[in-house]
Amino acid sequence: MITSILRFFYKSFYTKLIHTINVNSRSIFIIDLFSKNQKLFFVLKQKSTSDYKKIQIQRNLLQLSNNASYVDEKDIKKISQYLNRSKKTKLNGICMGVRDNKEVYYFLKYLRKKSRVIGTDISPTIKKFKHGVMWNFNNYNKRWKNKFDFVYTNSIDHTTDPKKTFNIWLKYIKKGGFIFVDHNTSNGKRRQVKTDPCAIETELFPYLILDWLKEKAAIIDFIKPSGFRKESNRNKILIIKKFN
């Protein structure tokens, strides 16, 4: 009898309370240790693909006008040094959601001289920047299948479906290649807004990657970011390796 009452209380109140807190709070995330299918990330629903694109382009224009950039050259140098351990004489890379393509220029500065790197953005403004390609990174591009040695992004919070997007990016890289995710606290619930619809907390990221990519890839290491972001242990450049 008591067990039945507790089970009823748990299902009708406790789980709903946790879910409500996790959806609405910007300061805490509760793990329900009894749940068998708890939602571990959240994506704000978009009205339509065209509406999503419009919002992203508007944000892009605003950030460009403010000369806003969230790429640290020292971080790209660290990633390049990691990649340069390879015996390959040149590396091919693609950066996702670049806005002004700064990360591409930094990679070309620090990678081996024959390397090639392009940057994608959903906004047509990317066409103004050298090595820039206009593309919605949530969509698959068959021309890029098995073409790159690495993918880099600091914009995973802009995805509309992280599982789908990571599986798409995995198709772009060769066996043994890497996906570098520059992830920080602003990519979680703290800063989730319409322009940044996907919220994933750093601590939950490794588990989600294992779940989404299965035996195909996993997080094998991380790089500590530079500047003020290194002050928090929750900020990490996660390294995902493709196994097959």
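Look above for the structure.
Calculation criteria
- Residues numbered from 1 in each chain as written.
- Predicted model: local features only at pLDDT ≥ 70, side-chain atom pairs only at ≥ 80, totals over all residues.
- Heavy atoms only, no water.
- Helix = DSSP H or I, 4+ residues; strand = E, 2+ residues; numbered from the N terminus.
- Rg over C-alpha atoms; globule rule 2.2 N^0.38 Å.
- Buried < 20%, exposed > 50% of the residue type's maximum accessible area, 1.4 Å probe, protein only.
- Core = buried A, V, L, I, M, F, W, Y, C linked by side-chain atoms within 4.5 Å.
- Contact = heavy atoms within 4.5 Å.
- Patch = residues over 30% accessible without salt bridge, like charges linked within 9 Å, V, L, I, M, F, W, Y side chains within 5 Å.
- Areas by Shrake-Rupley, 256 points an atom, 1.4 Å probe, with all protein chains shown as cover.
- Salt bridge = Lys/Arg side-chain N within 4 Å of Asp/Glu carboxyl O.
- 1 Å grid on protein atoms, 1.4 Å probe; cavity = no way out; pocket = protein on both sides within 12 Å on 5 of 7 lines; lining within 4 Å.
- Points joined across faces, edges and corners; volume = space filled by probe spheres on them.
- Nonpolar A, V, L, I, M, F, W, Y, C, P; charged D, E, K, R; others polar.
- Pairing = 2+ DSSP bridges.
- Axes fitted to C-alpha atoms, helices over the stretch in contact; angles between N-to-C directions.

Asker: Would you mind going over the overall build of the chain with me for this structure?
Answerer: Along its length, the chain carries six helices and nine strands. Computed over the C-alpha atoms, the radius of gyration of the chain is 19 Å, within 12% of the 18 Å expected from 2.2 N^0.38 for a compact globule of 244 residues. C-alpha extents for the chain along the principal axes are approximately 70 × 40 × 40 Å. The buried share of the chain, reckoned over its 244 residues, is 47%.

Asker: Help me understand the nonpolar core, please; the structure alone is not making it clear to me.
Answerer: If you look at soluble globular proteins, the nonpolar side chains tend to sit buried side by side. If you look at the biggest cluster of nonpolar residues, it comprises 28 residues, and the most contacted ones within it are Phe-166, Trp-169 and Ile-179. Elements with a contribution of two residues or more to this core: strand 2 (92-96), strand 5 (148-153), helix 5 (162-172), strand 6 (173-183), helix 6 (205-213) and strand 9 (236-242). Not counting residues within four places of it along the chain, the set of residues in contact with Phe-166 comprises Ile-156, Ile-179, Val-181, Phe-205, Ile-209, Trp-212, Leu-213 and Ile-240. The next biggest cluster of nonpolar side chains, apart from the first, holds 21 residues, and it includes Ile-79, Leu-91, Cys-95 and Phe-178.

Asker: What am I meant to see in a nonpolar patch on the surface here?
Answerer: Taken together, the side chains of Phe-13, Tyr-14 and Leu-17 present a nonpolar region at the surface, about 270 Å² in accessible area. If you trace the backbone, Tyr-14 turns up in helix 1 (residues 2-24).

Asker: What am I meant to see in the layout of surface pockets here?
Answerer: Gaps left between atoms are located by rolling a probe of water-molecule size over the structure's atoms. There is about 910 Å³ of room inside the largest pocket. Forming the boundary of the largest pocket are 42 residues, of which Tyr-70, Arg-99, Asn-154, Asp-157 and His-158 lie nearest the centre. Those elements that provide at least two residues to the lining of the largest pocket are helix 2 (49-65) and strand 3 (116-121). Here the lining of the largest pocket gets five residues from one element, more than from any other, and that element is helix 2. Looking at side-chain class alone, the lining of the largest pocket contains nine nonpolar, 19 polar and 14 charged residues.

Asker: Honestly, the sheet that holds strand 2 in this entry has me stumped. Any pointers?
Answerer: Through backbone hydrogen bonds, the strands of a sheet pair up, either in parallel or in antiparallel fashion. Taken together, seven strands build an open sheet; the order of strands is 4-3-2-5-6-9-8 and the sheet is mixed. If you trace the sheet from one side to the other, it starts and ends with strand 4 (132-134) and strand 8 (217-223), each paired once. Taken over all neighbouring pairs, the strand axes of this sheet differ in orientation by 25° on average, direction set aside. Alignment of strand 2 against strand 5, held across four bridges, turns out to be parallel. If you follow Ile-94 over to strand 5, its bridge partner there is Val-151. The sheet strands contacting helix 3 (residues 73-83) are strand 5, strand 6, strand 8 and strand 9, and the helix crosses strand 6 at an angle near 160°.

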